[in-house]
Amino acid sequence: MGKIIIAGNWKMHKTQAEALEFLHVLKSSLEEANEAREVVLCAPFTALGIMSKSLHGGLIRLGAQNIHWKENGAYTGEISGPMLTELGVEYVVVGHSERRQYFGETDETANYRVIAAQSHGLTPILCVGETKSQRDAGETETVIINQIKRGLVDVDQNNLVIAYEPIWAIGTGDTCEASEANRVIGVIREQLSNQEVTIQYGGSVKANNIDEIMAQPEIDGALVGGASLDPVGFARIVNYH
Ligand code: PEP
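An account of the accompanying structure is given in this report. (Residues numbered from 1 in each chain as written. Predicted model: local features only at pLDDT ≥ 70, side-chain atom pairs only at ≥ 80, totals over all residues. Heavy atoms only, no water.)

1. Section: the packing of aromatic side chains
As a reminder, the rule being used: The pairing test for Phe, Tyr and Trp rings, Trp by its six-membered ring, is centres within 6.5 Å, and the orientation test on the planes gives stacked under 30 degrees, edge-to-face over 60, and tilted for anything in between. Helix and strand assignments come from DSSP, with helices taken as H or I runs of at least 4 residues and strands as E runs of at least 2, each series counted from the N terminus. Exposure categories follow from relative accessible area, calculated using a 1.4 Å probe and restricted to protein chains: below 20% of the type maximum is buried, above 50% is exposed, and the middle band is partly exposed. A ring is considered to have a charge above it if a Lys NZ or an Arg CZ atom is located within 6 Å of its centre and within 35 degrees of its normal.
Under the criterion given, the structure shown has five aromatic pairs. With a centroid separation of 4.8 Å and an interplanar angle of 75 degrees, the aromatic rings of W10 and F22 are classed as edge-to-face. Taken as a pair, W10 in the loop between β1 (5-9) and α1 (16-29) and F22 in helix α1 lie far apart in primary sequence, 12 residues in all. Residue W10 is classed as buried on the basis of its relative accessible area, which comes to 0%. Taking relative accessible area as the criterion, F22 reaches 2% and is therefore assigned buried. These aromatic residues form a ring-pair network of at least three members: W10, F22 and F234. The ring of Y240 carries R37 above its face, with NZ or CZ at 3.7 Å from the centroid. Above the face of the F103 ring, R99 is positioned so that its terminal group lies 4.1 Å from the ring centre.

As structure tokens, this is what we get:
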């Protein structure tokens with residue numbers, strides 16, 4: 001078991017004003033939250049600065065949605081480690097399936113980004129997951145094991161979060177059975193040298209399924225997309241029973 005981390009991935013949602021409004025509501029809803037649960041918001045780059053000022057190191061941590069492996073250079077549209085740490089960012093999502101599907105991310109580039117994040121003191125959240133056709137073909141374990149092996153070359157497992165996100169469950173409302181997510185996360189854990197790495201489940205996590213997901217022994221948290229956009233619903237997810 002690793003530290004419990006519930007992370008919201010806002011994707012390309014929320015202006016600065018909307019982000020501040022969200023924080024205002026979320027902060028008041030988290031008063032009863034268990035302090036042992038880390039809450040992370042992975043916001044668009046444009047909202048990170050203002051969110052950081054509003055959070056000033058409270059219970060909620062800040063995450064970004066990508067990082068380049070170089071510190072600076074001619075990489076139009078990319079963002080570097082120093083740019084994120086200057087804003088108080090602590091986590092960064094790497095290798096999300098949407099980056100893999102739409103922006104050519106590979107296991108190799110995800111690996112470079114994981115290493116870069118760690119070298120700047122950020123905690124990478126490495127996403128892995130199989131497609132529906134890979135699952136139907138019985139390839140889930142092979143796909144996941146390959147993603148883990150390639151993504152973790154030369155990676156320090158003492159500063160790492162992994163998110164198991166079956167692609168067919170992302171944004172579809174089609175959640176993976178909690179027991180099946182638990183099983184695959186167990187397979188991921190077998191590949192790791194550090195058994196304390198936090199391994200989250202992601203894929204249509206909602207207020208009405210989080211309790212069952214978090215009751216699974218191998219699951220150390222959740223990466224939440226759509227349901228992290230509403231502060232009241234997200235607070236219920238963080239305050240899971
Ligand atoms: C995600 O974006 O990582 C995700 C899991 O999305 P959703 O919760 O909307 O399925």
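2. A few points about the nonpolar core
In plain terms, the rule: Within this scheme, the nonpolar core is defined by two criteria: the residues are buried Ala, Val, Leu, Ile, Met, Phe, Trp, Tyr or Cys, and they are joined through side-chain atoms within 4.5 Å. Contacts are residue-level and defined by heavy atoms, with any inter-residue pair within 4.5 Å sufficient.
Counting 62 residues, the largest nonpolar core has I6, L41, M51, L84, I162, Y201 and F234 as the members making the most contacts within it. It is helix α8 (residues 178-190) that provides the largest number of residues to this core, a total of five residues. Not counting the four nearest positions on each side in its chain, L84 is found in contact with F45, L48, A64, N66, I67, I79, V89, V92 and L122. Membership of the second largest hydrophobic core comes to 11 residues, among which are Y91, V93, A163 and L223.

3. Considering the pairing of strand β8 (residues 221-224)
Note the threshold: The pairing criterion is simple: DSSP has to find at least two bridges between the two strands.
Side-chain alternation along β8 places G221 and L223 on one buried face and A222 and V224 on a second face that is also buried. Across four bridges, β1 lies against β8 in parallel orientation. Directly across from I6, in β8, lies its bridge partner A222. Here strand β7 (residues 198-202) pairs with β8 via two bridges, running parallel. Each residue of the ladder has a partner; that of Y201, found in β8, is A222.

4. Quick notes on the packing of helix α7 (residues 140-151) against α8
The cut-off we apply is this: Orientation is described by axes fitted as lines to C-alpha atoms, over the contacting stretch for helices, and by angles from 0 to 180 degrees between their N-to-C directions. For this classification, under 35 degrees means roughly parallel, over 145 means roughly antiparallel, 65 to 115 means roughly perpendicular, and everything else is oblique. Take the far helix as your reference; a near helix turned counterclockwise from it by less than a right angle gives a left-handed crossing, and one turned clockwise gives a right-handed crossing. Charged residues are taken to be Asp, Glu, Lys and Arg, nonpolar residues to be Ala, Val, Leu, Ile, Met, Phe, Trp, Tyr, Cys and Pro, and polar residues to be all remaining types, Gly included.
Packing of α7 against α8 leaves a shortest axis separation of 10 Å and a crossing angle of 40 degrees. Between α7 and α8, the angle is such that the two are oblique. For the crossing formed where α7 meets α8, the hand is right-handed. Contacts between α7 and α8 involve T140, E141, I144, I145 and I148 on the former and, on the latter, R183, V184, V187 and I188. The class makeup of the residues in the contact of α7 with α8 is six nonpolar, one polar and two charged.

5. Here's the deal with unusual backbone geometry
Despite not being glycine, K11 has its phi angle at roughly 55 degrees, a positive value. Phi at K14 is positive, roughly 85 degrees, even though this residue is not glycine. By the secondary structure assignment, K14 is in the loop between β1 and α1.

6. Description of α7
Test applied: Expected span of a helix, by definition, is 1.5 Å for each gap between consecutive residues, and there is one gap fewer than residues. This arc describes the spread of directions from the helix axis toward the C-beta atoms.
Here α7 contains 12 residues, and its C-alpha end-to-end distance of 16 Å stays within 8% of the 16 Å for a straight helix at 1.5 Å per residue. Taken together, the buried positions of α7 are occupied by T140, V143, I144, Q147, I148 and G151. Looking straight down α7, one finds that the buried residues subtend no more than 125 degrees of arc, so they occupy a single side. Residues of α7 that are buried sit in contact with α4 (97-102), α5 (107-119), β5 (123-128), α6 (132-136), β6 (161-164) and α8.

7. With respect to the side chain of R113
This is how it is decided: Here a polar contact is taken to be a pair of N or O atoms separated by no more than 3.5 Å, where protein atoms must pair a possible hydrogen donor with a possible acceptor and residues adjacent in sequence count only if both atoms sit in side chains.
With respect to the secondary-structure elements, R113 resides in helix α5. Take R113: its relative accessible area is 6%, and that puts it in the buried class. For R113, the side chain forms a polar contact with the main-chain oxygen of I67, separated by 2.9 Å. Side chain to side chain, R113 and E78 meet in a polar contact 3.0 Å long.

8. A short note on the sheet that holds β6
Pairing in this closed barrel of eight strands is parallel, and the strands run β1-β2-β3-β4-β5-β6-β7-β8 around the ring. Sheet twist, expressed as the mean angle between neighbouring strand axes with direction ignored, is 25 degrees. Strands β4 (91-94) and β5 of the sheet are contacted by α5, whose axis makes an angle of about 160 degrees with β5. Across the face of the sheet, α8 comes into contact with β5, β6 and β7 while running at roughly 145 degrees to β7.

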